[in-house]
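# Tertiary structure, described
The primary structure of each chain is shown beneath.
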Amino acid sequence: MEHVKAAIRTIPDYPKPGIMFRDVTTLLGDARAFRQAVDAMIAPHAGAKIDKVAGIEARGFILGGAIAHQLSIGFVPIRKKGKLPFATIGQSYELEYGTDEVEMHTDAVSAGERVLVVDDLIATGGTAEAAIKLLRRAGASVEGASFVVDLPELGGADRIRAMDVPVATLVAFEGH
């Protein structure tokens, strides 16, 4: 995963001082690293029966779409509130200051479908937790969560594991 990690750009003090933003857009632009990341995100689920991939807005759409294509299964967009055109269900989650909400279409998953949750990065885990709760409320079984980047100091991966969801990450960066 050295090539994957090296393909991720770090932007200091974004979006605020003290934050080291891990930008995967450079990874997405590197064909070899992108392919390697997608293949590695699929590997922990080899042989498992996955019905759909749920990608969290926005970079989770890119990675999740590629993974769904590789697995020849459907894709479910998990979006910020108010962005989907059909009937939705939503799940709120806590932010540092306030709350936010993610939504998906009411017909995006069927009861019993096995879903893999995908995003570019796991930090505190709030958005991923909301996506998992949303999928479970719709009757899906969340079989795993896969991320390119883990920020272990923020505890998000452990938070998701505490929900009985296996977590796979490709690379870790210290700090925020």
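Residues numbered from 1 in each chain as written. Predicted model: local features only at pLDDT ≥ 70, side-chain atom pairs only at ≥ 80, totals over all residues. Heavy atoms only, no water.

## With respect to the overall build of the protein chain
Across its full length, the protein chain holds 6 helices and 9 strands. Scaling as 2.2 N^0.38, a compact globule of 176 residues should have a C-alpha radius of gyration of about 16 Å, and the protein chain matches this with 15 Å. Dimensions of the protein chain, computed from C-alpha atoms along their principal axes, come out at roughly 40 × 40 × 30 Å. Sorting the 176 residues of the protein chain into buried and exposed places 44% on the buried side. Accessible surface computed for the protein chain: about 8500 Å², of which carbon and sulfur atoms make up 52%. A gap of 3 Å separates the mean positions of the 19 positive and 23 negative side-chain charges of the protein chain. (Helix = DSSP H or I, 4+ residues; strand = E, 2+ residues; numbered from the N terminus. Rg over C-alpha atoms; globule rule 2.2 N^0.38 Å. Buried < 20%, exposed > 50% of the residue type's maximum accessible area, 1.4 Å probe, protein only. Areas by Shrake-Rupley, 256 points an atom, 1.4 Å probe, with all protein chains shown as cover. Lys, Arg positive; Asp, Glu negative; His and termini not counted. Charge placed at Lys NZ, Arg CZ, Asp CG, Glu CD.)

## Section: the layout of surface pockets
In this structure, the largest pocket spans a volume of roughly 1100 Å³. Contributing to the lining of the largest pocket are 34 residues, with Arg59, Leu121, Ala123, Thr124 and Thr127 lying nearest its centre. Elements supplying a minimum of two residues to the lining of the largest pocket: β2 (20-23), β4 (74-80), β5 (88-95), β6 (98-105), β7 (114-122) and α5 (126-137). For the lining of the largest pocket, the leading source of residues is β7, giving 4 residues. Here the lining of the largest pocket is built from residues that sort into 17 nonpolar, 5 polar and 12 charged. (1 Å grid on protein atoms, 1.4 Å probe; cavity = no way out; pocket = protein on both sides within 12 Å on 5 of 7 lines; lining within 4 Å. Points joined across faces, edges and corners; volume = space filled by probe spheres on them. Nonpolar A, V, L, I, M, F, W, Y, C, P; charged D, E, K, R; others polar.)

## Remarks on the environment of Lys83
Assignment of secondary structure puts Lys83 in the loop between β4 and β5. Aside from chain neighbours lying at most four places away, what touches Lys83 is Glu57 and Glu103. (Contact = heavy atoms within 4.5 Å.)

## So, the sheet that holds β5
Read across the open sheet, the 7 strands follow the order β5-β6-β4-β3-β7-β8-β9; overall the sheet is mixed. A single partner strand is all that each edge strand has here, and the edge strands are β5 and β9 (167-172). Neighbour-to-neighbour, the strand axes of this sheet turn through a mean angle of 20 degrees, independent of strand direction. As defined by bridge partners, strand β8 (residues 141-150) adjoins β9 across 5 bridges and the pair is classed as parallel. Following the sheet pairing, Phe147 is matched in β9 by Thr169. Helix α4 (residues 59-71) contacts β3 (52-56), β4, β7 and β8 of the sheet and is inclined by roughly 135 degrees relative to β7. (Pairing = 2+ DSSP bridges. Axes fitted to C-alpha atoms, helices over the stretch in contact; angles between N-to-C directions.)

## Some details on unusual backbone geometry
The step from Tyr14 to Pro15 runs through a cis peptide bond, and the omega angle for that step is 5 degrees. The phi dihedral of Asp13 falls on the positive side, at around 60 degrees, and the residue is not glycine. Looking at the element boundaries, Asp13 is found in the loop between β1 (9-12) and β2. For Asp13, a relative accessible area of 48% translates into the label partly exposed. The phi angle at Asp164 is positive, at roughly 65 degrees, despite the residue not being glycine. As for its placement among the helices and strands, Asp164 is situated in the loop between α6 (156-161) and β9.

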